[in-house]
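# Structure assessment
For reference, the chains in residue letters:
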Amino acid sequence: GVRRKVGYVFDLRVDESYQRRGIGLALAQELESRCTAEPFNVEYFYLSVNRDNAKAKKLYSRLGWTFASGRRLQMGPLVSDK
């Protein structure tokens, strides 16, 4: 298969008291701009958004990002014996 450069966006948040000021939009645009430029050249992004977060979904839709998968991320603590 073809190898692609992929970026993963996890937990990009704006405190509720600062929402509706364009901060989330500016952060997402800057993130996309920097990651798709040299030296990273990211072609695709995986974005983690809570299912019930309608505001975030609307924001990313405005940026042209589309829903691709409803996968559930499984996470747990990392433990070391050392």
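Below, the structure is looked at part by part. (Residues numbered from 1 in each chain as written. Predicted model: local features only at pLDDT ≥ 70, side-chain atom pairs only at ≥ 80, totals over all residues. Heavy atoms only, no water.)

## Quick word on the layout of surface pockets
The method is simple in principle: a probe with the dimensions of a water molecule rolls over the atoms, and the space it marks as empty is what remains. Rules: A 1.4 Å probe that fits into a set of points on a 1 Å grid over the protein atoms alone but cannot get out defines a cavity; an open set with protein on both sides within 12 Å along at least five of seven lines defines a pocket, and lining residues are those with an atom within 4 Å of a point. Grid points are joined across faces, edges and corners, and a volume is the space filled by probe spheres set on the points. Helix and strand definitions follow DSSP, with helices as H or I runs of at least four residues and strands as E runs of at least two, each counted in order from the N terminus. Residues are grouped as follows: Ala, Val, Leu, Ile, Met, Phe, Trp, Tyr, Cys and Pro are nonpolar; Asp, Glu, Lys and Arg are charged; all remaining types, including Gly, are polar.
By volume, the largest pocket amounts to about 1,800 Å³. If you go around the largest pocket, you meet 44 residues; those closest to its centre are Leu-47, Ser-48, Val-49, Ala-56 and Tyr-60. Of the residues forming the lining of the largest pocket, the biggest block, eight residues, is contributed by helix H2 (residues 54-62). A class-by-class count of the residues in the lining of the largest pocket yields 21 nonpolar, 10 polar and 13 charged.

## A look at unusual backbone geometry
For the bond running from Glu-38 to Pro-39, omega is 5°, close enough to zero to count as cis. Position of Pro-39 relative to the elements: it lies in the loop between helix H1 (23-36) and strand E2 (44-48). The phi dihedral of Asp-11 is positive, around 70°, even though this residue is not glycine. Inspection of the secondary structure puts Asp-11 in the loop between strand E1 (6-10) and H1.

## Things to note about the nonpolar core
Across soluble globular proteins, nonpolar side chains have a tendency to be buried as a group. The test is simple: Here, nonpolar core means buried Ala, Val, Leu, Ile, Met, Phe, Trp, Tyr and Cys residues that are tied together by side-chain atoms lying within 4.5 Å of each other. Three labels apply to residues, based on accessible area from a 1.4 Å probe with only protein chains included: buried if under 20% of the type maximum, exposed if over 50%, partly exposed otherwise in between. When checking whether two residues touch, look at their non-hydrogen atoms; a contact exists if any pair is within 4.5 Å.
Val-9, Ala-28, Val-42, Phe-45, Ala-56, Leu-59, Tyr-60, Leu-63 and Trp-65 form the largest nonpolar core, which has nine residues in total. Broken down by element, the residue count for this core peaks at three residues, all from H2. Discounting chain neighbours no more than four positions away, the residues touching Val-42 are Lys-5, Val-6, Gly-7, Cys-35 and Thr-36.

## Points about a positive patch on the surface
Filter applied, for reference: Residues enter patches when they are more than 30% accessible in relative terms and free of salt bridges; like-charged ones are connected within 9 Å and nonpolar ones (Val, Leu, Ile, Met, Phe, Trp, Tyr) within 5 Å. Residue-level accessible areas treat just the shown protein chains as cover; the underlying method is Shrake-Rupley with a 1.4 Å probe. Salt bridge, as used here: a side-chain nitrogen of Lys or Arg that lies within 4 Å of a carboxyl oxygen of Asp or Glu. We treat Lys and Arg as the positive residues and Asp and Glu as the negative residues; His and chain ends play no part in the count. Taken as the charge centre is NZ of Lys, CZ of Arg, CG of Asp or CD of Glu, depending on the residue.
On the surface, a cluster of positive charge is made up of Arg-20, Lys-55, Lys-58 and Arg-62. Given a relative accessible area of 79%, Arg-20 falls into the exposed group.

## Regarding the environment of Gln-19
With respect to the element layout, Gln-19 can be found in the loop between E1 and H1. Taking C-alpha positions, Gln-19 is 9.7 Å from Lys-55, a pair spaced 36 residues apart along the chain. Gln-19 has contacts with Val-14 and Lys-55, leaving out every residue within four places of it along the chain.

These values are about where atoms sit, not about what they do.
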